[in-house]
Amino acid sequence: MSTQRKALTPEQAAALVPDGATVMIGGFLGVGSPRRVIDALVARGAKGLTVIGNDTGRPELGIGKLVVAGCVSKVIVSHIGTNPVTQQKMMAGEIAVELVPQGTLAERIRAGGAGLGGILTPTGVGTTVAEGKQVLTVDGRDYLLEKPLRADVALLHCYEADYYANLTYRLTAQNFNPLMAMAADTVIAEPDEVVPIGVIPPDHVRTPGILVTHLVERPH
Amino acid sequence: MSTQRKALTPEQAAALVPDGATVMIGGFLGVGSPRRVIDALVARGAKGLTVIGNDTGRPELGIGKLVVAGCVSKVIVSHIGTNPVTQQKMMAGEIAVELVPQGTLAERIRAGGAGLGGILTPTGVGTTVAEGKQVLTVDGRDYLLEKPLRADVALLHCYEADYYANLTYRLTAQNFNPLMAMAADTVIAEPDEVVPIGVIPPDHVRTPGILVTHLVERPH
Amino acid sequence: MDAKEIIARRVAQELRDRTLVNLGIGLPTLVARYVPEGMLVAFQSENGIIGFGARPPEGMEDPNLTDAGGGFISALPGAFAFDSATSFALIRGGHMDMTVLGGLQVDARGRLANWMVPGKMVAGMGGAMDLVAGARRVVVAMQHAAKGEAKIVPELTLPPTSARPVSLVVTDLAVIEPTPQGLVLRERAPGVAVEEILAATTAPLTVPDTVPEMSL
Amino acid sequence: MDAKEIIARRVAQELRDRTLVNLGIGLPTLVARYVPEGMLVAFQSENGIIGFGARPPEGMEDPNLTDAGGGFISALPGAFAFDSATSFALIRGGHMDMTVLGGLQVDARGRLANWMVPGKMVAGMGGAMDLVAGARRVVVAMQHAAKGEAKIVPELTLPPTSARPVSLVVTDLAVIEPTPQGLVLRERAPGVAVEEILAATTAPLTVPDTVPEMSL
């Protein structure tokens, strides 16, 4: 086990995200997003981030806050329909949007964390998603070769953490968080609760502490 | 949710595995293998099975029992070193052995269950494992294209099941079981314990009941 | 009965016992209200749960338990929560018996477009492309026409969601089945004449001798 | 000190604080006994656990808790149990800081063979090919020679485990480092002369001016 971690404040965590970095952010319409670290990034005035996540939330929610605050130069997401600001900034050329089917996004992040060179998916064959991608035929069916995604930093939300930074997730707040925990050089987890080592049974841990580089303190 | 299942006896479960079928069997050196269904297959005198699993156990343990009893014509496994009978039968031409690196085996089964056409892995490049396989270069690194694996039947061991056949696994008895649960047409789970619906929290279920076609009764 | 209720009630007749079903955001979500009595259907929400129930009473919501549209839900006994890779392994791997999706256009080959209008609106495909590629049956639930403009068209003018044809299209006017020979009119909404449907459809539509009224 | 203890003690010096390490079955397992005082190393067993401890007392074993060799183990506080896909995602994905594996042969290019002897013995690669392909550092722990026959050879005669060279070879006679320029002799076992090592090695071996004795 890695040694016990000192929990960081959200501000200290945000300081670990350099301007211009590629950042994975967990969550689905803000549910399971690290809200306190996002707020700290906005407060710091982070710039030029490439954000990989499911969606751009809403203007006042999740990744949407970073978009509205002008912290983001590019997003790689499956959906922007719930945040009109993303679309306005895209039309104005202020933000680049790369749309990825949600299941493909999940597999690409997983591949990045699992050391795979890519995966073959039937999703997107015959659509604009296939443009520029290799099509492979396996046993008579066509698949797109989709490449792995990795990031400089992953910002996660979790339910419980122990002081090794073993993590659990809760219900639909899990979503992309455990996948992103494996696919970034620096992994920062924002827990709702921190418990002593040994409290979380081995079968209930979903992300092991050895993957997590920094733990944020519990909310006050 | 699928409706409540009537639990089968191990003999009834074994009767659902046709001679000549391709069968995935969970377990790692017998730990996490469905022992009672394996015993019932031996007792029935099953024939001509192609078994996909991590290893062939020991002569008196796990998949090894099926090998010794002559139920198996082919195995697709990562390791046979702990069962000298497998090697003897292989040398005698009585059983075909396809060796697959353990991590590749896990990913191929996962791909079979996840609808992927294959995965690219660096494992096995430049070895005999690469023979006859397509090598793809992604961002300057070579990978083998490994194809998905599926089976007619998956035989699983689990710790708890509820009567929807939601499953949990225990410690190192988990191994290949949750992957195989997604990759076969018929999925039979042998639990150590059966509990009422609602007892297992949603975050602790590892295999949902909708994937499981048959549940074996708890041990007497 | 308004247009949405007609569509939701008719789509609900496509549900089968002991199956796994994904309902898209918006109109398709209404289908859950009309599950036939005694039928057990497991609904998946692709953000990570199978077996969810209605929105809890005011003040009893859980911020970590929502549907794919961000609305609060509850968990039924025997529910299963999971991550996004598992969610789409279930969808792509052939474990999803049926999905119900909204649509912007369906064409004569049964192809669906539902995620962007170039130059006007970019929502993103979310999980729709995986659902159309992976679910065993794909049912489109949509208004037959939008502001007088046909949505069932000879050839998609919007970017397709998948090259694979959908299984069935249910609108407030009709039930239409894409076949290798083209679109076939299967049912009419209550009180709607075949001529009315043809007038609101620009794609070629095969009309069998009898086109029964939906039985809602 | 017997041969195995020399090897295990020397390999243990390669451990680093706060790292994730996989020990192969057999000789490599012994390394866990010699973790330097105060150092925190997370050991993974590829069958599905990080953070395991010694075999429990007789009668207190758990049939669902074993190492990759099938031996009973215990779980330490903060342990993590997982499935085989996660296990090898950790290994292949670059999250494994070091692996220690047994060997049948290592050649001048640093390539390892450890899973079969054609016509004689087929064990299977188990997790070895993934470990050699994915772990950041690969340390081979093996006897220097087998029944008088050299195991460190000019070119593998057995099927390779990976095309990738290993990081370090530790034997009962020596520590040898594969480099782009070939194998380099880094250390001698206590009381072993360089000549003895050269005589037991058929691969070309670069001998620096000073070859210190292992400090065990």
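Residues numbered from 1 in each chain as written. Chains lettered and ligands numbered in written order. Predicted model: local features only at pLDDT ≥ 70, side-chain atom pairs only at ≥ 80, totals over all residues. Heavy atoms only, no water.

**Here we look at the overall build of chain C**
Summing up its helical and strand segments, chain C has 4 helices and 17 strands in all. For chain C, the C-alpha radius of gyration of 17 Å lies close to 17 Å, the compact-globule estimate for 216 residues. Overall, the C-alpha framework of chain C stretches about 50 × 40 × 30 Å when taken along its three principal axes. The buried share of chain C, taken over its 216 residues, is 59%. The long-range fraction of contacts in chain C, counting pairs at least 24 apart against all pairs at least 6 apart in sequence, stands at 61%. Accessible surface computed for chain C: about 8500 Å², of which carbon and sulfur atoms make up 53%. Considering chain C, the positive charge centre built from 18 side chains and the negative charge centre built from 23 side chains are found 4 Å apart. (Helix = DSSP H or I, 4+ residues; strand = E, 2+ residues; numbered from the N terminus. Rg over C-alpha atoms; globule rule 2.2 N^0.38 Å. Buried < 20%, exposed > 50% of the residue type's maximum accessible area, 1.4 Å probe, protein only. Contact = heavy atoms within 4.5 Å. Areas by Shrake-Rupley, 256 points an atom, 1.4 Å probe, with all protein chains shown as cover. Lys, Arg positive; Asp, Glu negative; His and termini not counted. Charge placed at Lys NZ, Arg CZ, Asp CG, Glu CD.)

**Let's talk about the sheet that holds strand β7 (residues 141–146) of chain B**
Across the sheet, which stays open at both edges, the 6 strands sit in the order β6(A)-β7(A)-β5(A)-β5(B)-β7(B)-β6(B) with antiparallel pairing between neighbours. Each edge of the open sheet is held by one strand with a lone partner, namely β6 (135–138) of chain A together with β6 (135–138) of chain B. The average angle at which neighbouring strand axes cross in this sheet is 35°, direction not considered. Where β6(A) and strand β7 (residues 141–146) of chain A come together, 4 bridges link them in antiparallel fashion. (Pairing = 2+ DSSP bridges. Axes fitted to C-alpha atoms, helices over the stretch in contact; angles between N-to-C directions.)

**With respect to the interface of chain D and chain B**
Much of the literature gives interface size as the accessible area that the parts lose upon coming together. Chain D puts 37 residues into the contact, and the matching count from chain B is 42 residues. With both chains or domains summed, chain D and chain B bury close to 2900 Å², and 60% of this area falls on carbon and sulfur atoms. When residues of chain D are sorted by the area they lose upon contact with chain B, D:N64, D:R92 and D:V122 head the list and together hold 21% of the total. Our count for the chain D to chain B interface comes out at 0 salt bridges. Inspection of the chain D/chain B interface yields 16 residue pairs in polar contact (both at pLDDT 80 or more). Contributions of two or more residues to the side of chain D that touches chain B are made by α2 (84–92), β9 (121–122) and α3 (128–134) of chain D. Counting residues per element, the side of chain D that touches chain B draws most heavily on α2(D), at 4 residues. (Buried area = accessible area lost by both parts, 1.4 Å probe. Salt bridge = Lys/Arg side-chain N within 4 Å of Asp/Glu carboxyl O. Polar contact = N/O pair within 3.5 Å; in protein donor to acceptor, adjacent residues only side chain to side chain.)

**Focus: the sheet that holds strand β1 (residues 19–23) of chain C**
The pairing of strands in a sheet comes from backbone hydrogen bonds and takes either a parallel or an antiparallel form. All names here are of chain C. Taken in spatial order, the 10 strands of this open sheet run β4-β3-β2-β1-β5-β10-β14-β15-β16-β17, and their pairing is mixed. Sheet topology places β4 (74–81) and β17 (205–206) at the edges, where each strand pairs with a single neighbour. As paired strands, strand β16 (residues 182–188) and β17 are joined by 2 bridges and run parallel to one another. Among the inter-strand pairings, V184 is bridged to a residue of β17, identified as T206.

**What to know about the packing of helix α5 (residues 102–114) of chain B against α2(D)**
Between α5(B) and α2(D), the shortest axis-to-axis distance is 9 Å and the interhelical angle comes to 125°. Our classification of the angle between α5(B) and α2(D) gives oblique. Classified by chirality, the crossing of α2(D) by α5(B) is left-handed. In this structure, α5(B) contributes B:Q102, B:G103, B:T104, B:A106, B:E107 and B:R110 to the contact, and α2(D) contributes D:S84, D:A85, D:F88 and D:R92. (Parallel < 35°, antiparallel > 145°, perpendicular 65-115°, else oblique. Left-handed = near helix turned anticlockwise from the far one by under 90°.)

**Describing the pairing of strand β1 (residues 19–23) of chain D**
Residues and elements named next belong to chain D. Counting buried positions over the 5 residues of β1 gives 5, a clear majority of the element. Across the two faces of β1 the burial is the same, with T19, V21 and L23 and L20 and N22 all buried. Pairing analysis gives 4 bridges linking β1 to strand β2 (residues 41–45), with the strands arranged parallel. Bridging across to β2, L20 finds its partner in A42. Pairing of β1 with strand β5 (residues 98–101), which is carried by 3 bridges, proceeds in the parallel orientation. Of the residues in β5, the one forming a bridge with N22 is T99.

**Some thoughts on the environment of C:N64**
Here C:N64 is to be found in the loop between β3 (49–53) and β4. With relative accessibility at 9%, the residue C:N64 sits in the buried group. With residues up to four places along the chain from it excluded, the contact list for C:N64 reads A:V31, A:H157, A:Y159, A:R170, A:L171, A:T172, A:A173 and A:D192.

**Considerations on the pattern of salt bridges**
In total, this model carries 46 salt bridges over all chains according to the counting rule given. Ionic pairing is found between B:R218 and B:E193, a salt bridge with its closest N-O pair at 2.4 Å. In this pair, B:R218 is assigned in the segment after β11 (214–215) and B:E193 in strand β10 (residues 184–195), connecting sequence segments 25 residues apart. Residue B:R218 is classed as partly exposed on the basis of its relative accessible area, which comes to 37%. C:R136 is paired through a salt bridge with C:D97; the nearest N and O atoms lie 3.9 Å apart. Here C:R136 is found in the loop between α3 (128–134) and β10 (137–141), whereas its partner C:D97 is found in the loop between α2 (84–92) and β5 (98–101), with 39 residues between them in sequence. C:R136 sits in the exposed class, given a relative accessible area of 54%. One network of salt bridges, in which partners are shared, links C:R10, C:E14, C:R137 and C:E187.

**Focus on unusual backbone geometry**
Backbone geometry places A:A165, a non-glycine residue, at a positive phi of 75°. As for its position among the elements, A:A165 is in the loop between β8 (151–162) and β9 (167–168). Located in the positive-phi region is D:K147, a residue other than glycine, with phi close to 50°. Mapped onto the fold, D:K147 is located in the loop between β11 (145–146) and β12 (149–150). Taking relative accessible area as the criterion, D:K147 reaches 88% and is therefore assigned exposed.

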